[in-house]
Structure formats: structure tokens, C-alpha cells
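Secondary and tertiary structure notes
In case you want the letters, here they are:
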Amino acid sequence: MASLTFDDRPVPIAPNQDVLSALLAAGVDAPHSCRAGICQTCLSRAEGEIPAEAQRGLSKAQKEQGYFLPCVCVPKGPLKVLRAGPSLEATEVGVCAIDRLAPTVVRLRLEPCAPFAYRPGQFLSLETPDGCVRSYSIASLPEAEAFLELHVRLLPNGRMGGFIAERLSVGDRLAVRGPFGACYYDEADRDRPLVLVGAGTGLAPLWGILRDALSRGHRGPIRLYHGARERSGLYLSEELAALARERERFSYIPCVLGSLGAADGDVEKAVLEGEPQPDAASYFLCGGGDLVNRVKRALFLRGAQLARLRADVFLPAS
Ligand SMILES: Cc1cc2nc3c(=O)[nH]c(=O)nc-3n(C[C@H](O)[C@H](O)[C@H](O)COP(=O)(O)OP(=O)(O)OC[C@H]3O[C@@H](n4cnc5c(N)ncnc54)[C@H](O)[C@@H]3O)c2cc1C
């Protein structure tokens, strides 16, 4: 039977209730964001029977140390939560650049004050001084760039977007935690076609993964599909087009919804038409859940291998 303790105190938990909601109901100030087991903001440690789904996406070392995701943890037996919330120390970062890449996309460059090891395409959680926490994919290349680069979409009434657009200045200090996730280039894929698909700021991890793959000597073809609702949303398009001219094996396929230009249109349609042999390639799919989940499912049904379909869904904070 499920039972829960936190700080050696019993916490009531109902059958089929997740640990995060039980902790919150008991007044524990447990940080959280997506509540879907993706953003890892609630990453915590426990002793006891941790269900496998509460450790999905964590490293072997984290699993062995009892790290788990309370938001998707429905215990079946006794569970002792040792620490709720940020189990990873925060790293202080200084804001070194804030630029507009598109009318609703800001590029943020952050200089870590302590070593911050990551792979391009992983994500981190960014924290404001007033406690707003959001996940962002990392677009920079650690070997070449001393800063962490994030591409942030500005949403109407967005708390983090509003903070960045209106209150943040170069020189300010913020905190980041991470890195998280497994959406990064794997050298085992070096000879395979690499297909990168994203819409909007889904380009952030892809920009990092693309440059990481090229710098590690990827030998197979690489095709990057970037979708946007408006032409102005196709940011970094000049850089990507220049790279495609330079690198024979790299193709850039911009897609503007509803546009009638040569390579334009719906990004999902472009991918499914442009990838006739899905089983041969490795995929990275990033951005909003509707697109990512639809493309992932369609590619899987056409023969793409699940292990080679890496995806990061940009779930909103709950
Ligand atoms: C693993 C991961 C990686 C991510 N990487 C990035 C990234 O690289 N770049 C990036 O811009 N974002 C990314 N996100 C999303 C990001 O964490 C925030 O959710 C987003 O920036 C909105 O935060 P906000 O505080 O500005 O808006 P909020 O205050 O959270 O939301 C404002 C309003 O917009 C709505 N809303 C939130 N998200 C969406 C959406 N996607 N579509 C429509 N409405 C929405 C909310 O419901 C609310 O009404 C990622 C998310 C995850 C889980």
C-alpha cells in the first residue's frame, strides 16, 4: 500500500495520487513546472519503491541515487522523500547579451560563473529572482562558445518572456539548473542521415545539435526542417542558408505555413514527403507538443526506429 513521508513526517497520499500533488496539498513548497515528467523542475530524491515511470529520462547514476520525478510518481508502496525540489545546485549566470532574432523570439546569452557542462540540445531550467522557473533548450556549442545560448519565444502575458523583454538587462544575474534531457547528438549516428525538425523556437536545440554534429565530423547527410507561421519567424535563416551553401551534405528546408513559395508550406507535410525512407535516419523533433507528437507518430508508423526518434516537447508550465 502506498505511503509517503517527507522530512520524516507522514504526508497523506490518496490511491493513484502523484507525490507532487500530495506534497503540495500538505503545504510543502515543492518547485514544479510541466507536471508531465518532462521539465525535471521537481526532480527530487527518495528511498523506497520508486516506480520506473517516475525515473524515465534520468541518467543511470541519478536512478541509482534515488532521484525521481514526483509529478509522475504514483507510489505503490512506502516512499520516503528525502528532499523536495532542486536536487541540483543552481549555477549563477551573468546575462551577456539580449537580442531579437524575430519579432517574438529573443536570444539570451548567459555566462556561467562556475563550470556548466552540457551537450547542445539538452535543456536547463532558468530561474528569475522572483521564483519563476521555466525550461529552455541550449543552442550554444560548449567547445566554441563560452556562453549558454537560449532562444525564448515571447508569449502574450508570458511570465518569463515578459520578464526577459521588459526587465532583464545585460549584466544582471540569474540562476540556472541542469542540464537535463537526452536530446543531443550521438556519434554512433555519424554515418546515418540526420533529420532535424522544429517549429518556432524548436530551432534552438536543433541549431546546437546541427553545429555539434558538424564539429564532430558527421558523415551522413543532414536535413533541417524549420517551420514558422510567418516568414519573419524563420530566424537564423541566413546563417542556415549560408551553411547549406558551404556544406554539400547539409540541406535547410524552411517552411512557412500557408505560403506558396518553392520550399514552403506545412513543416509536417514537408518532412513526410521529404523523408521517404524513415527507417534509415536518426531524428530530432523539437518544439510544441502537437507538431512533435504528430510527426513522431507518423514517422514511427512509416518505419522509423523509436530509439532513433529523439524529441523534446516544449510543454508549458502548469
Ligand atoms: C524541455 C523543454 C524545453 C523548452 N525549450 C524552450 C525553448 O528552447 N524556447 C522556448 O521559447 N520555450 C521552451 N520551452 C517552453 C518554456 O519552458 C516556457 O513554457 C515558455 O517560454 C513560456 O513561458 P512564459 O513564462 O513566458 O509563459 P507562461 O507565463 O508560462 O504562459 C503564458 C500564457 O501562454 C500559454 N502558453 C504557454 N506555452 C504555450 C505554448 N507553447 N503555446 C501556446 N500557449 C502557451 C500559457 O498557458 C499562458 O496562458 C521548453 C519547455 C520544455 C518543457
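Since this is a predicted model, take the numbers as computed values, not measurements.

**Looking at the pattern of salt bridges**
Counted under the stated rule, the structure contains 18 salt bridges. One salt bridge connects lysine 60 with glutamate 64, and the closest N-O pair in it is separated by 3.4 Å. Of this pair, lysine 60 and glutamate 64 both sit in helix 2 (residues 60–64), four residues apart, which is roughly one turn of the helix. Like lysine 60, the residue glutamate 64 is exposed in the burial classification. Where aspartate 189 meets arginine 192, a salt bridge forms, and the shortest distance between an N and an O atom there is 3.2 Å. For aspartate 189, a relative accessible area of 4% puts it in the buried group. Look at arginine 192 and you get partly exposed, because its relative accessible area is 25%. The network of salt bridges with shared partners includes Arg119, Glu143, Glu187, Arg190, Asp212 and Arg216.

**Observations regarding the packing of helix 4 (residues 203–215) against helix 5 (residues 237–246)**
Packing of helix 4 against helix 5 leaves a shortest axis separation of 13 Å and a crossing angle of 25 degrees. One way to sum up the angle between helix 4 and helix 5 is to call them roughly parallel. In this structure, the crossing between helix 4 and helix 5 has a hand that is left-handed. Between helix 4, through Leu203, Trp207, Leu210 and Leu214, and helix 5, the contact on the second element is made entirely by Glu239, Leu240 and Leu243.

Reading the values: the criteria
Residues numbered from 1 in each chain as written. Predicted model: local features only at pLDDT ≥ 70, side-chain atom pairs only at ≥ 80, totals over all residues. Heavy atoms only, no water. Salt bridge = Lys/Arg side-chain N within 4 Å of Asp/Glu carboxyl O. Helix = DSSP H or I, 4+ residues; strand = E, 2+ residues; numbered from the N terminus. Buried < 20%, exposed > 50% of the residue type's maximum accessible area, 1.4 Å probe, protein only. Axes fitted to C-alpha atoms, helices over the stretch in contact; angles between N-to-C directions. Parallel < 35°, antiparallel > 145°, perpendicular 65-115°, else oblique. Left-handed = near helix turned anticlockwise from the far one by under 90°. Contact = heavy atoms within 4.5 Å.

Keep in mind these values describe shape, not function.
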